[in-house]
Amino acid sequence: MSDRDVRNERAEQLVEAAEGLFAAGVMSHSGHANLSARLDGRRLLLTPGFVRGLRPEQLATVGFDGQVLEGELRSVSAEIIAMHSAVYEARPHVGAIIHTHSPSATAFAVAHRPLPCRTEPMLRFGQAEDVPVVPWGPRGSDVSVRGIAEVLRRRPTTAAVLLANHGLLVFGPDSAAAAHLVVAIEESAEAEIAAAAIGGAVDFPPGAQEAVRASIARVAS
């Protein structure tokens, strides 16, 4: 597959992921988000500063160093290139990243509270542990990027982080996987908040992750 074919395929996947997030109702009132997909070890596709009504040809190709190689970016997206690049550099297996201000997940970020893994969708879609909180830093700043990199170093198996006083950052092998996890995390955050009113959420029993994996494998075989 040529570089152009790869770019087109990844762009279409990002657009589908963005549309799926809106359809699932997990976006903030503003609809703010940014999505990216890895092209290779030095380049990524990035949404141009908006995601509502996004078209594949509107995505920009940028280098991990922040240089815009093709297309255009609004300043609101240009300043977060380093955030996406830091995740790709720390996690070679990551193929896509999604940042949203999903309301219930953002409530945990504002409260500086890790989101526990207490719903089965989180287990199924790759977050079988609490979602950790990255200390606050100005958006796209060195402080923020270093904080993300440090949490990823300390938590090598997490597929998401909460950005303190800001929002949610999720990453996965591809755009669809990342989008599924965004939805699972937002639903779990909603459930945690609702459960607090009736006595609080309860942890899974021991061995839950292994049982879920066995169930998935049984159906797939």
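Trainee: Please explain the overall build of the protein as it appears in this structure.
Mentor: In terms of regular secondary structure, the protein is built from 8 helices and 8 strands. Summarising its shape, the C-alpha atoms of the protein cover approximately 50 × 45 × 35 Å along the three principal directions. Counting only contacts in the protein whose residues sit at least 6 apart along the sequence, the fraction spanning at least 24 positions is 63%. Just so you have it, the protein exposes about 10,600 Å², and 54% of that area is on carbon and sulfur atoms. The averaged location of the 25 negative side-chain charges in the protein is 3 Å from the averaged location of its 20 positive side-chain charges.

Trainee: Would you explain helix H6 (residues 142–154) in this entry?
Mentor: Each α-helix turn comprises 3.6 residues. Residues three or four places apart therefore point the same way. Given a rise of 1.5 Å per residue, 13 residues ought to cover 18 Å, and the 18 Å separating the end C-alpha atoms of H6 matches this to within 8%. Those residues of H6 that sit buried are Ser144, Val145, Gly147, Ile148, Val151 and Leu152. Along the axis of H6, the buried residues cluster in a sector spanning 160 degrees; they form a single face. In H6, those exposed residues whose orientation departs by more than 90 degrees from the buried face are Asp142, Arg146 and Arg153. Where H6 is buried, its residues meet helix H3 (81–90), strand S6 (133–134), strand S7 (160–163) and strand S8 (167–172).

Trainee: Please explain the side chain of arginine 43 as it appears in this structure.
Mentor: With respect to the helices and strands, the residue arginine 43 is situated in strand S2 (residues 43–46). The class for arginine 43 is buried, based on a relative accessible area of 18%. Within the structure, arginine 43 has its side chain in polar contact with the side chain of aspartate 40 (distance 2.8 Å). Beyond its immediate stretch of four places on either side in the chain, arginine 43 contacts Asp3, Arg38, Thr61, Val62, Gly63, Phe64 and Leu69.

Trainee: What is the right way to read the pattern of salt bridges from this model?
Mentor: For side chains of opposite charge, pairing can occur when their charged atoms come near one another. Overall, the coordinates contain 11 salt bridges when judged by the stated rule. A salt bridge links glutamate 192 to arginine 118; the nearest nitrogen and oxygen atoms lie 2.9 Å apart. Taken together, the positions of glutamate 192 in helix H7 (residues 175–196) and arginine 118 in the loop between helix H4 (103–110) and helix H5 (120–124) put the pair 74 residues apart, joining distant regions of the chain. A relative accessible area of 11% means that glutamate 192 is categorised as buried. Shared partners join several salt bridges into a network, and the residues in it are Arg4, Arg7 and Glu70.

Trainee: Quick question: what am I supposed to make of the sheet that holds strand S4 (residues 68–70) here?
Mentor: Two orientations exist for strands paired in a sheet by backbone hydrogen bonds: parallel and antiparallel. Spatial strand order, S4-S3-S2-S1-S5-S8-S7-S6: 8 strands in an open sheet with mixed pairing. Looking along the sheet, the strands with just one partner apiece sit at the ends: S4 and S6. Alignment of strand S3 (residues 60–63) against S4, held across 2 bridges, turns out to be antiparallel. Looking across to S4, one finds that valine 62 is bridged to valine 68. In this fold H7 packs onto strand S5 (96–100), S7 and S8, with an angle of close to 140 degrees to the strand it touches most, S8.

Trainee: What am I meant to see in empty space enclosed by the protein here?
Mentor: Where empty space is left can be seen by rolling a probe of water-molecule size over the atoms. Inspection of the entire model under this criterion finds 1 cavity of 30 Å³ or more. The space that makes up the largest cavity amounts to roughly 40 Å³. What lines the largest cavity is simply Val134, Pro135, Trp136, Gly137, Ser144, Leu163, Ala164 and His166. Considering only residue class, the lining of the largest cavity consists of 5 nonpolar, 3 polar and no charged.

Definitions and cut-offs
Residues numbered from 1 in each chain as written. Predicted model: local features only at pLDDT ≥ 70, side-chain atom pairs only at ≥ 80, totals over all residues. Heavy atoms only, no water. Helix = DSSP H or I, 4+ residues; strand = E, 2+ residues; numbered from the N terminus. Contact = heavy atoms within 4.5 Å. Areas by Shrake-Rupley, 256 points an atom, 1.4 Å probe, with all protein chains shown as cover. Lys, Arg positive; Asp, Glu negative; His and termini not counted. Charge placed at Lys NZ, Arg CZ, Asp CG, Glu CD. Expected span 1.5 Å × (residues − 1). Buried < 20%, exposed > 50% of the residue type's maximum accessible area, 1.4 Å probe, protein only. Arc of directions from axis to C-beta. Polar contact = N/O pair within 3.5 Å; in protein donor to acceptor, adjacent residues only side chain to side chain. Salt bridge = Lys/Arg side-chain N within 4 Å of Asp/Glu carboxyl O. Pairing = 2+ DSSP bridges. Axes fitted to C-alpha atoms, helices over the stretch in contact; angles between N-to-C directions. 1 Å grid on protein atoms, 1.4 Å probe; cavity = no way out; pocket = protein on both sides within 12 Å on 5 of 7 lines; lining within 4 Å. Points joined across faces, edges and corners; volume = space filled by probe spheres on them. Nonpolar A, V, L, I, M, F, W, Y, C, P; charged D, E, K, R; others polar.

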